[in-house]
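Listed below are the residues making up each chain.
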Amino acid sequence: MTRVFSGVKPTGHLTLGNYLGAVRQWVAGSGDPARQRPEAALFCVVDLHALTVEHDPARVRRLSRQAATLLLAAGLDPERCTLFVQSHVDEHTRLAYLLECTASDGELRRMIQYREKAAKAQAAGDGVRLSLLTYPVLMAADILAYATDEVPVGEDQRQHVELTRDLAVRFNQRYGQTFTVPRATHPEVAARVMDLQEPTSKMGKSHDVGAGIVYLLDEPEVVRKKVMRAVTDSGSGVAHDREGKPGVTNLLDILAACTGADPRALAGEYGSYGALKKDTAEAVIELLRPVRERHAELAADPAAVEKVLRAGAERARSVARPVVDRAYEAIGLLAP
Ligand code: TYM
């Protein structure tokens, strides 16, 4: 059995980037006959990670519920996978401490996301929370606690999964074989969806301005407006060229991801930016329509979503407990 684990943090409304880069692969994988058992694929709303930067408690609660509802709306089937909330399963923080005793201060300070987010927090006059530095260790614990083989994520999480692998190997070498060494998997197209207004930056849900970000719950008219107003590049030729034409390339990638076409082949089909934008907008609207509609149905019954999360947490706990207990023993702690 190949075990899959991944997560999304409730720091903002889920975006097209989250969907194309990650969530869609989670859903696609659950059709794999090798993953018929619900404990073979675990997906987590990683709420503890939302506390590493300035946060509003009520908003985190609201976004956690919304993220879980959206994951179900996107097609995760609770009969075929395990959907749960990170803070409901103590094993994550139990294991994180052991991994803090495995990681070094230097390797955490080198993490790109830490450096970017710490600089942003400082610029805003906010303190940098210690948890922002240790965040990748908690993420490693999320993954390793489940003896995960594959971690389907967008391109931006590559470095964090690399660190997870390093920590697993180091722990195993020091204390004996304990953890499975996981590997990241990325979609072929749209592993890094860029902001429509700033196509050299990632489309990120935690950003403050939403004009370049398509949210999964945006109304079709809003999606159309955002895509039609996307920043394109100088010159008028449509070419797939990430360096020279980042705006157009981003639109080609999005359209390709929505339609299953090859982004380079698509470039040859368009003579103007306007036509490309129009088709991209319509493709995104059609891709998101069923998700939005299903979300509206599910959001009307929050008790049903809570039931899924409770059952998910119980199953997740039963997978993680023996792995984390083994790590406690291996590192030299007395059994209670
Ligand atoms: P998060 O919440 O930022 O993003 C969730 C998933 O969406 C992907 N993603 C994107 N993919 C393509 N283009 C984009 N613009 C884009 N924006 C986001 C992310 O790569 C991710 O796969 N640290 C993680 C959450 C996490 C996690 C884990 C993931 C915590 N523990 C364990 C996997 C396994 C994060 O901040 O994701």
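Residues numbered from 1 in each chain as written. Predicted model: local features only at pLDDT ≥ 70, side-chain atom pairs only at ≥ 80, totals over all residues. Heavy atoms only, no water.

Below, the discussion takes up the pairing of strand β1 (residues 4-8). Within β1, 4 of the 5 residues are buried, which leaves it mostly tucked inside the rest of the structure. The sheet contact formed by β1 and strand β2 (residues 41-45) spans 5 bridges and is parallel. When the sheet's bridge partners are listed, V4 is paired in β2 with A41. (Buried < 20%, exposed > 50% of the residue type's maximum accessible area, 1.4 Å probe, protein only. Helix = DSSP H or I, 4+ residues; strand = E, 2+ residues; numbered from the N terminus. Pairing = 2+ DSSP bridges.)

Our focus in this paragraph is the packing of helix α2 (residues 57-73) against helix α12 (residues 302-330). Relative to each other, α2 and α12 sit at 90°, their axes nearing to 10 Å. Between α2 and α12, the angle falls in the class roughly perpendicular. Taken together, the residues of α12 that come into contact with α2 (itself represented by R65, A68, T69 and L72) are V305, E306, V308 and L309. Taken together, the residues of the contact of α2 with α12 sort by class into 5 nonpolar, 1 polar and 2 charged. (Axes fitted to C-alpha atoms, helices over the stretch in contact; angles between N-to-C directions. Parallel < 35°, antiparallel > 145°, perpendicular 65-115°, else oblique. Contact = heavy atoms within 4.5 Å. Nonpolar A, V, L, I, M, F, W, Y, C, P; charged D, E, K, R; others polar.)

Here we come to the side chain of S6. Checked against the element boundaries, S6 lands in strand β1. Each residue touching S6, except ones within four places of it in the same chain, is listed here: W26, L42, F43, C44, V151, P152 and V153.

A few words now on the nonpolar core. Counting residues in each nonpolar core, the largest one holds 60 residues, and the members touching the most others are Y19, L20 and L71. The leading source of residues in this core is helix α11 (residues 273-299), at 10 residues. Residue-level mapping places this core at the junction of two domains, with at least three residues from each of domain 1 (4-186 + 302-331) and domain 2 (220-296). With residues near it in sequence (within four places) discarded, Y19 still touches R24, A74, L216, L287, L288 and V291. If you look at the next biggest cluster of nonpolar residues, it comprises 42 residues, including L132, L133, Y135 and V161. (Core = buried A, V, L, I, M, F, W, Y, C linked by side-chain atoms within 4.5 Å. Domains from an automatic or database assignment.)

Once that is clear, we can look at the pattern of salt bridges. As enumerated under the stated definition, the model contains 18 salt bridges in all. Its salt-bridge partner being R37, residue E39 comes within 3.3 Å of it at the nearest N-O pair. Given the relative accessible area of 21%, E39 is considered partly exposed. Residue D218 is joined to K226 by a salt bridge in which the shortest nitrogen-to-oxygen separation is 2.7 Å. When its relative accessible area of 12% is taken as the criterion, K226 is described as buried. Taken together, the shared-partner salt bridges connect E91, R94, R321 and D325 into one network. (Salt bridge = Lys/Arg side-chain N within 4 Å of Asp/Glu carboxyl O.)

Taken together, the neighbourhood of the ligand is formed by 27 residues, with K9, Y135, D142, D156 and K205 sitting nearest. K205 is positioned such that a nitrogen or oxygen atom in its side chain is 2.6 Å from an oxygen atom of the ligand. Considering the ligand on its own, with 700 Å² of exposed area, one finds that the protein chains cover 98% of that surface. Classifying every residue of the shell around the ligand by side-chain character gives 13 nonpolar, 8 polar and 6 charged. (Near = heavy atom within 4 Å. Polar contact = N/O pair within 3.5 Å; in protein donor to acceptor, adjacent residues only side chain to side chain. Areas by Shrake-Rupley, 256 points an atom, 1.4 Å probe, with all protein chains shown as cover.)

Before going further, it helps to examine the domain arrangement of the protein. In terms of domain boundaries, the protein breaks down into domain 1 (4-186 + 302-331) and domain 2 (220-296). A separation of 30 Å is found between the C-alpha centroids of domain 1 and domain 2. Each partner contributes residues to the interface: domain 1 has 9 residues there, and domain 2 has 8 residues. There are 0 salt bridges connecting domain 1 and domain 2. Linking domain 1 with domain 2 are 1 residue pair in polar contact (both at pLDDT 80 or more), by the criterion used here. Put simply, the parts of the chain that give the side of domain 1 that touches domain 2 at least two residues each are α1 (16-29) and α2. Here the side of domain 1 that touches domain 2 is composed, by residue class, of 6 nonpolar, 2 polar and 1 charged.

Right, let's talk about helix α9 (residues 246-259) for a bit. With 14 residues, α9 should reach 20 Å at 1.5 Å per residue; the first-to-last C-alpha distance of 20 Å fits that figure. The buried count for α9 comes to 13 of 14 residues, which makes it a mostly enclosed element. Positive phi shows up at G260, right after α9, with a value of about 80°. (Expected span 1.5 Å × (residues − 1).)

It is worth spelling out empty space enclosed by the protein at this point. Enumeration over the complete set of coordinates arrives at 2 cavities of 30 Å³ or more. Its volume calculated, the largest cavity comes out at about 60 Å³. Along its surface, the largest cavity is lined by Q113, Y114, K117, L132, Y135, P136 and H160. Sorting the residues of the lining of the largest cavity by element identifies α5 (112-123) and α6 (130-144) as the ones contributing at least two each. Across the lining of the largest cavity, the residue classes tally to 4 nonpolar, 2 polar and 1 charged. (1 Å grid on protein atoms, 1.4 Å probe; cavity = no way out; pocket = protein on both sides within 12 Å on 5 of 7 lines; lining within 4 Å. Points joined across faces, edges and corners; volume = space filled by probe spheres on them.)

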